[in-house]
Amino acid sequence: MIGMADHPQPGYRYLTSAEVARHLGVSPRTVGKWLERGLITPTWRTLGGHARFLVEDVDRQAEEIHRRRDG
């Protein structure tokens, strides 16, 4: 998904930041730092401001982070 949606799409399962950390094998703090630095962008945010991600978006953005780091 390009950009951040203002609401979730029905029928999709969204990951929390903690679930993203487990999925990628990093600490929740790392995910938080990536969010702060703009290295990853949530698919959407809850009304309370909590980030939510589609796994496809996470995988694409993680690949970009690795490319930048290794490149």
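Check the entry above for the structure.
The rules we used
Residues numbered from 1 in each chain as written. Predicted model: local features only at pLDDT ≥ 70, side-chain atom pairs only at ≥ 80, totals over all residues. Heavy atoms only, no water. Core = buried A, V, L, I, M, F, W, Y, C linked by side-chain atoms within 4.5 Å. Buried < 20%, exposed > 50% of the residue type's maximum accessible area, 1.4 Å probe, protein only. Helix = DSSP H or I, 4+ residues; strand = E, 2+ residues; numbered from the N terminus. Contact = heavy atoms within 4.5 Å. Phe/Tyr/Trp six-rings, centres within 6.5 Å; stacked < 30°, edge-to-face > 60°. Salt bridge = Lys/Arg side-chain N within 4 Å of Asp/Glu carboxyl O.

Draft legend 1. The nonpolar core, seen in detail. The biggest cluster of nonpolar side chains holds eleven residues, and these are Leu15, Val20, Ala21, Val31, Trp34, Leu35, Ile40, Ala51, Phe53, Val58 and Ile65. Those elements that provide at least two residues to this core are α1 (17-24), α2 (28-37) and α3 (55-70). Of the residues forming this core, the biggest block, three residues, is contributed by α2.

Draft legend 2. Here's a closer look at the environment of Arg13. Note that Arg13 resides in the segment before α1. Residue Arg13 is classed as exposed on the basis of its relative accessible area of 55%. In this structure, the C-alpha to C-alpha distance between Arg13 and Asp70, residues 57 residues apart in sequence, is 30 Å. The residues touching Arg13, leaving out its near neighbours within four places in the chain, are Glu19, Phe53 and Leu54.

Draft legend 3. Representation of the packing of aromatic side chains in the model. The final tally for this structure, using the stated rule, is one aromatic pair. Seen in terms of ring centroids, Tyr14 and Trp44 are 5.9 Å apart; in terms of plane orientation they differ by 85 degrees. Their pairing is edge-to-face. With a gap of 30 residues between them, Tyr14 in the segment before α1 and Trp44 in strand β1 (residues 44-45) connect regions that are remote in the sequence. Residue Tyr14 is classed as buried on the basis of its relative accessible area, which comes to 13%. Take Trp44: its relative accessible area is 13%, and that puts it in the buried class.

Draft legend 4. Here's a closer look at the pattern of salt bridges. A complete count under the given rule lists six salt bridges for this structure. The closest approach of N and O atoms between Asp57 and Arg60, which form a salt bridge, is 3.6 Å. Of this pair, Asp57 and Arg60 both sit in helix α3, three residues apart, roughly one helical turn. Taking relative accessible area as the criterion, Asp57 reaches 4% and is therefore assigned buried. Through salt bridges with shared partners, a single ionic network connects Glu63, Glu64, Arg67 and Arg68.

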